[in-house]
Amino acid sequence: MPTSLDSQKPHTAAETKNDNADPSLSKELLSSRLTVDSLIDAQVNFIQQWLHNQAEPLAMKAWQWFGAQPFSKYITCDHLQQLVKDWLLSQPMTEVMRTDIRDILHTIIYHPVNDNVPLSELVDDTQVETLANYVGSHEQQRNILIHTLVGNETFADLLTQTLYHAINDFMESTLDKAGGVGKLMKLGRSSFEKATNRNLDEKLQTYLHRNIKDLTRKAEANAQEHLSNEEVARLMVMGWDRIKDQPISELQTYLSDEPGNSNIDHIEASIQQSYNRLRLSPYLHSLVTSSIDTWYANHQSDTMATIAASLHIDDAAMKQCSTALLPIMYDVLETPWLTAHIREMLEAFYAQPAIKEGLAFNHD
């Protein structure tokens with residue numbers, strides 16, 4: 001049967017390695033008759049002190065063990081599907097998070113540093129050249145774009161109306177200043193409309209529209225013929241060269257920051273509207289399912305450490321993280337609820353009949 005002195009040996013040995021242990025604890029226990037309560041008190045104190053001193057190496061050992069485990073041992077593809085679909089996509093973004101996004105965007109866009117940093121800091125010249133060459137090399141798409149901008153009916157109608165109003169305003173203002181001649185010309189116009197049973201304005205608009213449609217077709221053919229791939233790329237690069245030295249804050253001129261009419265609020269709200277519509281759509285769920293299946297198939301044989309390494313999380317990063325979290329762990333070890341939990345666990349241990357029967361200091 002173990003003696004009261006034997007029950008102290010593990011504690012005493014640990015204390016010889018623990019500079020922060022209470023040196024008077026062993027003497028106090030040895031100089032008095034042990035009871036279960038006093039033993040529990042001593043063990044609670046020892047466990048808390050030991051965990052306090054071993055928190056950092058234990059955290060690293062736990063990470064190294066966890067990193068060596070196969071990813072598929074603990075996480076299945078169904079787990080990932082459930083996490084993304086049933087949790088992330090099923091929940092709308094909270095208003096707190098939306099407010100934070102708007103505030104952060106406002107801080108970034110209107111930060112004073114933007115006044116001294118050029119646009120070229122955001123986009124490199126080589127990126128613009130690559131994009132320009134890519135756009136210029138797709139001749140079919142380029143011709144569609146030119147047709148959309150120049151050769152479509154809407155553009156012809158808009159140009160017709162613009163020219164008609166310009167000509168009409170010019171004629172009216174000229175005839176009013178022409179005195180008797182102007183009145184004579186207006187009389188002639190009235191006689192013409194009566195004789196032909198047609199409104200001169202209508203005839204003018206028809207004439208302009210017919211000729212402008214022809215002009216737009218010629219302009220479109222001209223643009224498609226003369227705007228070569230190289231010319232398109234060159235125009236894009238030239239356009240970038242004209243604006244790249246402007247400060248980033250120049251973008252603020254295209255935004256409104258008035259209370260109740262903030263473009264940032266409108267942009268965020270529009271994004272949220274699209275997100276809330278898409279996150280519940282079968283279309284997005286199908287894409288998410290296929291994407292998770294593909295990712296899981298590529299990584300199911302990896303270890304946790306291998307997957308973490310793809311996110312630049314290694315031993316050095318975990319050591320830095322554990323060091324930063326140590327103050328939290330220390331505070332947790334000193335909380336009353338943890339002390340009570342350890343005490344409850346030890347009381348349950350010593351309350352076992354076999355343990356109570358076997359402890360020497362429970363007998364007179």
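Here goes a summary of the coordinates provided. (Residues numbered from 1 in each chain as written. Predicted model: local features only at pLDDT ≥ 70, side-chain atom pairs only at ≥ 80, totals over all residues. Heavy atoms only, no water.)

**Some words on helix 14 (residues 282-299)**
Condition: Here a helix means four or more residues in a row that DSSP labels H or I, a strand means two or more in a row labelled E, and each is numbered from the N terminus. Under the convention used throughout, the expected extent of a helix is 1.5 Å for every residue step, that is, one less than its residue count. With a 1.4 Å probe rolled over the protein chains alone, any residue whose accessible area is under 20% of its type maximum counts as buried; one over 50% counts as exposed, and the rest are partly exposed. Regarding the arc, it is the one traced by the directions from the helix axis to the C-beta atoms. The contact criterion used throughout is that any non-hydrogen atoms of two residues lie within 4.5 Å.
Look at helix 14: 26 Å from first C-alpha to last across 18 residues, which is about the 26 Å you get at 1.5 Å a residue. Every buried residue of helix 14 is listed here: V288, I292 and Y296. Along the axis of helix 14, the buried residues cluster in a sector spanning 60 degrees; they form a single face. Summarising the geometry of helix 14, the exposed residues directed more than 90 degrees from the buried face are Y283 and N298. At its buried positions, helix 14 is contacted by helix 4 (71-74) and helix 5 (77-89).

**With respect to the side chain of Q69**
To keep things clear, this is the line we draw: We call two N or O atoms a polar contact when they sit within 3.5 Å, provided that within protein one can donate a hydrogen and the other can accept it, with sequence-adjacent residues counted only if both atoms are side-chain atoms.
Tracing the backbone shows Q69 in the loop between helix 3 (36-67) and helix 4. The class for Q69 is buried, based on a relative accessible area of 11%. Only 3.4 Å separates the side chain of Q69 from the side chain of K73, close enough to count as a polar contact. Each residue touching Q69, except ones within four places of it in the same chain, is listed here: Y74, T303 and M304.

**A short note on helix 3**
Inclusion rule: Each residue is assigned a bend, namely the angle between axes fitted to the seven residues that terminate at it and the seven residues that start at it.
Between the first and last C-alpha of helix 3 there are merely 40 Å, a value that for 32 residues lags more than 12% behind the 46 Å anticipated at 1.5 Å per step. Along helix 3, the sharpest change in direction is near 60 degrees and occurs at A55; proline P57 comes one to four residues later. Where helix 3 is concerned, the buried positions are L39, I40, A42, V44, F46, Q48, A55, M60, W63 and G67.

**Quick look at the packing of helix 7 (residues 125-137) against helix 12 (residues 229-243)**
Helix-helix packing is described using two parameters, namely the angle between the two axes and the distance between the axes. The condition is simple: Here an axis means a line fitted to C-alpha atoms, over the contact stretch when the element is a helix, while the angle between two N-to-C directions is reported on a 0 to 180 degree scale. In what follows, roughly perpendicular refers to angles from 65 to 115 degrees, roughly parallel to angles under 35, roughly antiparallel to angles over 145, and oblique to any angle outside these ranges. Should the near helix be turned counterclockwise from the far one by less than a right angle, the crossing is left-handed, whereas a clockwise turn marks it as right-handed. Side-chain classes are defined by residue name, with Ala, Val, Leu, Ile, Met, Phe, Trp, Tyr, Cys and Pro counting as nonpolar, Asp, Glu, Lys and Arg as charged, and the others, Gly among them, as polar.
At a closest axis distance of 8 Å, the pairing of helix 7 and helix 12 adopts a crossing angle of 150 degrees. Between helix 7 and helix 12, the interaxial angle falls into the category roughly antiparallel. As helix 7 runs across helix 12, the sense of the crossing is right-handed. Contact residues: D125, V128, E129, L131, A132, N133, V135, G136 and S137 in helix 7; N229, V232, A233, M236, V237 and W240 in helix 12. Looking at the contact of helix 7 with helix 12, its residues break down into nine nonpolar, four polar and two charged.

**Thoughts on unusual backbone geometry**
Even without a glycine there, the phi angle at H312 is positive, about 65 degrees. In this structure, H312 sits in the loop between helix 15 (304-309) and helix 16 (315-333).

**Quick notes on the packing of aromatic side chains**
Note the cut-off: Between rings of Phe, Tyr and Trp, where Trp is taken as its six-membered ring, a pair exists when centres lie within 6.5 Å; planes separated by under 30 degrees are stacked, by over 60 edge-to-face, and by other angles tilted.
Tallying each qualifying case throughout the model produces three aromatic pairs. Ring centres of F71 and W295 lie 5.6 Å apart, and the angle between their planes is 80 degrees; this geometry places the pair in the edge-to-face category. With a gap of 224 residues between them, F71 in helix 4 and W295 in helix 14 connect regions that are remote in the sequence. On the basis of relative accessibility, which here comes to 5%, the residue F71 falls in the buried class. Consider the rings of F349 and Y350, whose centres lie 5.0 Å apart with planes at 80 degrees: the pair is edge-to-face. Residue classification places F349 among the partly exposed residues on the basis of a relative accessible area of 38%. Take Y350: its relative accessible area is 9%, and that puts it in the buried class. Put simply, the rings of F71, W295 and Y296 touch in pairs and so form one group of aromatic residues.

**Section: the pattern of salt bridges**
Formally: For salt bridges, the criterion is a side-chain nitrogen of Lys or Arg within 4 Å of an Asp or Glu carboxyl oxygen.
Scanning the model with the defined rule gives nine salt bridges in all. The closest approach of N and O atoms between D41 and R343, which form a salt bridge, is 2.5 Å. Remark: R343 occurs in helix 17 (residues 336-350) and D41 occurs in helix 3; sequence separation between them is 302 residues. The class for D41 is partly exposed, based on a relative accessible area of 39%. Look at R343 and you get partly exposed, because its relative accessible area is 28%.

**Digging into the side chain of S249**
Counting through the fold element by element, S249 comes out in the loop between helix 12 and strand 1 (257-258). According to the relative accessible area criterion, S249 is buried, its value standing at 13%. Among residues more than four places away in sequence, those in contact with S249 are N114 and D115.

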